[in-house]
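Survey of secondary and tertiary structure
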Amino acid sequence: MTGRVEGKVAFITGAGRGQGRSHAVRLAEEGADIIAIDICEPIDGVPFDLATDDDLAETAELVKSHDRRVVTAKVDVRDLNGLTKAVQSGVEQLGRLDIVAANAGIATGGSSLEDMDTKTWQDMIDVNMTGVWHTAKVAIPHIVAGGRGGSIVLTSSVGGLKSYPFCGHYVTAKHGVIGIMRTLAIELAQNNIRVNSVHPTQVNTAMIMNDATYQMFRPDLENPGPDDFAPLSQMMNTLPIPWVEPEDISNAVLFLASDESRYITGVTLPVDAGACLK
């Protein structure tokens, strides 16, 4: 099947690499033009490298390789004014907006909520929850103005459906995304705009596959790597795999963005290898 989102325009945050890049490429493969944004700079306290300007440029080239148009901008999802301008520019250049994938997020951890410092807490809430609200807020007027309906997909996590210790700020933010999703699903239904969330388990991207994660899971080792992390990661899932690939999440986003899910709204969709069963 091809052309599942033919002629539509998708706005994707955190598109420089990882899941965001995968979403951009997958939707482009199926016919969508893309508005792709990323912060393209470090955030203090995040223990892995975030995307760069070159990463975002590479995403754009990958979209273009599928003969689709793309507009990029360097924007932090915490910056409501910057997001507003980026989406406005993208819609002016591409002519419409139909799909939103609010994907941008960070991961930090290692502290109990009792011991966590306020900056670590606030940065997580500001990026992973408020940033999702910002993304939807700036996009909704353009989708409504088009009068064709649309689809908004918010990236939460297995951590939005269950709790894990020593990452309570992340769990809180990802639970909050569900509240945003369910509220918007009701508020936007009259405009035929569907709103759903996806909930990945560990995904094979830099957010999980980094030295800080390996050390957190294997503090007994001096220099743990992915092979040391894999058995413990697999224990969190029901299926016998340690993590899923970005494309697995992108296929879920594509389904929720397409007319195949035209009557699905307000749904929390795990792509979790059965992690929620544990």
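The structure we're discussing is the one just above.
Structure report, in brief. Computed from a predicted model, the values in this text were never measured in an experiment.

This part covers the state of the cysteines. Counted under the stated rule, the structure contains zero disulfides. Cysteine Cys276 shares no disulfide, and the gap to the nearest cysteine sulfur, in Cys167, comes to 14 Å.

For the rest of this paragraph, the subject is the environment of Pro200. Mapped onto the fold, Pro200 is located in strand S6 (residues 193–200). For the pair Pro200 and Pro270, spaced 70 residues apart in sequence, the C-alpha to C-alpha distance is 5.9 Å. Setting aside residues no more than four positions away along its own chain, Pro200 makes contact with Gln19, Thr155, Ser156, Ser157, Val158, Ile249 and Val271.

Overall, the coordinates contain three aromatic pairs when judged by the stated rule. An angle of 45° between the planes, with centres 5.9 Å apart, marks the rings of Tyr214 and Phe229 as tilted. Highlighted residues: Tyr214 in helix H6 (residues 211–217) and Phe229 in helix H7 (residues 226–235), separated in sequence by 15 residues. In this structure, Tyr214 and Phe229 share a single accessibility class: buried. Both rings, one in Phe229 and one in Trp243, keep their centres 5.7 Å apart while their planes meet at 20°; by these two values the pair is stacked. In this pair, Phe229 is assigned in helix H7 and Trp243 in the loop between H7 and helix H8 (246–257), connecting sequence segments 14 residues apart. Like Trp243, Phe229 is buried.

What follows is about helix H2 (residues 53–64). With 12 residues, H2 extends 17 Å from end C-alpha to end C-alpha; this agrees with the ideal 16 Å at 1.5 Å per step. Looking only at H2, the buried set comprises Asp55, Leu56, Thr59, Ala60 and Val63. For H2, the arc enclosing every buried residue in end-on projection is 145°, short of the 170-degree limit, so these residues lie on one face. Against helix H1 (18–29), strand S2 (33–38) and strand S3 (70–74) lie the buried residues of H2.

A few words now on helix H3 (residues 80–94). Compared with the 21 Å implied by 1.5 Å per residue over 15 residues, the 21 Å span of H3 between its first and last C-alpha is a close match. Buried within H3 are the following residues: Gly82, Leu83, Ala86, Val87, Gly90, Val91 and Leu94. Seen end-on, H3 carries its buried residues on one side only, within an arc spanning 160°. Residues of H3 that are exposed and point more than 90 degrees away from the buried face comprise Lys85 and Glu92. Gly95 lies just past H3 and shows a positive phi near 95°.

About the criteria used
Residues numbered from 1 in each chain as written. Predicted model: local features only at pLDDT ≥ 70, side-chain atom pairs only at ≥ 80, totals over all residues. Heavy atoms only, no water. Disulfide = S-S within 2.5 Å. Helix = DSSP H or I, 4+ residues; strand = E, 2+ residues; numbered from the N terminus. Contact = heavy atoms within 4.5 Å. Phe/Tyr/Trp six-rings, centres within 6.5 Å; stacked < 30°, edge-to-face > 60°. Buried < 20%, exposed > 50% of the residue type's maximum accessible area, 1.4 Å probe, protein only. Expected span 1.5 Å × (residues − 1). Arc of directions from axis to C-beta.

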